[in-house]
Amino acid sequence: MIGVADAFSARYAQARVKFLEAAATAGLAIESHNHPLTGRDGEVLAMDVARSGPPDAQRLLIVSSACHGVEGYCGSGVQVYALHDAEWLAKTRDAGVAVLYIHALNPFGFSHVRRVTHENVDLNRNFQDFGAPLPENPTYDSLHHLLLPATWPPDAANEQALTQWIVSHGMDAYQAAVTRGQHRHADGLFFGGREPTWSNRTVRAVLRQHARTARHLAWIDLHTGLGASGVGERIFACRDDAAALERARRWWGAGVTSIYDGSSTSAFLTGLMWMSAYQECPQAQYTGIAMEYGTEPVAEVLQALRADHWLANHPEAPPELAEAIHQRLMAAFYTDTDAWKGQIISQGRQALFQAVDGLVSDDFGPYPA
């Protein structure tokens, strides 16, 4: 067994080595999908996939990290700890449940300490039908110039204008407008892109390869940045389906929240990654959650994201300012304390065990058509 703190890493390259070594020690089959670019230290970037259980398993659990790159510092720790957890590995083996660990859905953001992909795209807003008209977000359009001012830190006039908007409309409206997703401003926050990203295409290929025989599919996608510090909110990660929500609450508890009924700390979002489960695995009955661990108040997280996007648009910024912005973003999505890490592991471990119990014991009813 590995110590809780030892499961986490301070750099992407270190996290990748820990994951690959843990998967190999556990005897899992491993494959790597190399990214076209390199990391901040020149290292190879990859979406690494490790699988336990038979290739034709009827019940499959996916555990994924770093959909939003910098959030991988948390998610990778959960995955590494699980791969060292003899009780967990025995649980899945005895239950006949296959587990697919996807490490670093967005390895570029993970390594470069950014939330977005190398295309400046929020991966969890990128799963759209790009052959159809893309969703509009006119409120974000009206805020874009305030969110990314000419200078950083913002001047007093900018801060006053943004504060006045929040006072007039409320913090919830601000969060909803900024985070929902937008496709008009390629340099902006929560940009959903205008075509599928490398990560989008790659995770779809992984799903087609590994979930093609699954009749019952569960997915836990690990996130940070919303909610009370250290609290893992279980956010319903399916389409708006009452039966699936009831099933998720049966598995993971009545506290499972939803963006569809307003119970989640997350606003309603568009272009969500887990919609690919329906598209790539239509034969499976799908149930999923996003495990969203809190770090700092949402206003501070959004401020850190504003700074990060400003820096991406201003590579000429002084090195001292750039480093301060990077450190601030890291702190907004990863709390580097033993107490926080202990909360992360304990709640993640519980959710994993609950997913296996749900996959094994639930009466699924008819398969999808």
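**Q** Tell me about the packing of helix α2 (residues 72–84) against helix α13 (residues 338–361), residues and numbers included.
**A** As a packed pair, α2 and α13 sit with axes 10 Å apart at the nearest point and diverge in direction by 60 degrees. Taken together, α2 and α13 sit at an angle that is classed as oblique. In this structure, the crossing between α2 and α13 has a hand that is right-handed. When α2 is examined against α13, the residues Cys-74, Gly-77, Val-78, Tyr-81 and Ala-82 are found in contact with a partner set consisting of Trp-340, Ile-344, Ile-345, Arg-349 and Leu-352. When its residues are assigned to classes, the contact of α2 with α13 shows 8 nonpolar, 1 polar and 1 charged.

**Q** I'd like to hear about the sheet that holds strand β4 (residues 98–103), residue by residue, with values.
**A** The strand order β1-β2-β4-β3-β5-β7-β6 describes an open sheet built from 7 strands, whose pairing is mixed. Looking along the sheet, the strands with just one partner apiece sit at the ends: β1 (29–38) and β6 (232–236). Looking at each pair of strands side by side, their axes are set apart by 20 degrees on average, direction ignored. Against the sheet, α2 contacts β3 (59–64), β4, β5 (216–229) and β7 (285–294), and its axis sits at roughly 145 degrees relative to β4.

**Q** Describe helix α3 (residues 86–95), with residues and values.
**A** The set of residues buried in α3 consists of Trp-88, Leu-89, Ala-90 and Thr-92. Each element contacted by the buried residues of α3 is listed here: β2 (44–52), β3, α2, β4 and α13. One side-chain oxygen of the residue at the start of α3 lies 3.2 Å from the amide nitrogen of Glu-87, identifying that residue as Asp-85. Count one or two residues on from α3 and you reach Gly-96, which has phi positive near 70 degrees.

**Q** Can you lay out unusual backbone geometry for me, pointing to particular residues and giving the numbers?
**A** Apart from glycine, the bulk of residues carry a negative phi angle, and the bulk of peptide bonds sit in the trans form. In the segment running from Trp-152 into Pro-153, the intervening peptide bond is cis, with an omega of 0 degrees. Residue placement: Pro-153 occurs in the loop between α5 (138–147) and α6 (156–169). The phi dihedral of Asn-120 is positive, around 65 degrees, even though this residue is not glycine. In this structure, Asn-120 sits in the loop between α4 (107–112) and α5. Its relative accessible area of 13% is what places Asn-120 among the buried residues. One non-glycine residue, Phe-190, adopts positive backbone phi at about 55 degrees. Along the polypeptide, Phe-190 turns up in the loop between α7 (171–179) and α8 (198–210).

The rules we used
- Position numbers for residues start from 1 in each chain and track the written sequence from start to end.
- Two thresholds apply to this predicted model, a pLDDT of at least 70 for residue-level local features and 80 or more for giving and counting side-chain atom pairs, whereas whole-chain, interface and lining totals are computed over all residues.
- Working from all heavy atoms in the structure, the side-chain values ignore hydrogens and water.
- Axis definition: a line fit to C-alpha positions, over the contact stretch in the case of helices; interaxial angles, taken between N-to-C directions, run 0 to 180 degrees.
- Starting at the N terminus, helices and strands are each numbered in turn, a helix being any DSSP run of H or I of at least four residues and a strand any DSSP run of E of at least two.
- Orientation labels follow simple angle bins: below 35 degrees gives roughly parallel, above 145 gives roughly antiparallel, 65 to 115 gives roughly perpendicular, and whatever is left gives oblique.
- Helix crossings get a hand from a simple test, with the near helix turned counterclockwise from the far one by less than a right angle marking a left-handed crossing and a clockwise turn marking a right-handed one.
- Working rule for contacts: check all heavy atoms of both residues, and any pair within 4.5 Å makes them a contact.
- Gly is placed with the polar residues, together with every amino acid not listed as nonpolar (Ala, Val, Leu, Ile, Met, Phe, Trp, Tyr, Cys and Pro) or charged (Asp, Glu, Lys and Arg).
- In short, DSSP must find at least two bridges between two strands for them to pair.
- Partly exposed residues are those whose accessible area sits between 20% and 50% of the maximum for their type, while under 20% is buried and over 50% is exposed, using a 1.4 Å probe and protein chains only.
- For the purposes of these results, a polar contact is taken to be a pair of N or O atoms within 3.5 Å, where, inside protein, one atom must be able to donate a hydrogen and its partner to accept one; residues adjacent in sequence count only when each atom of the pair is a side-chain atom.

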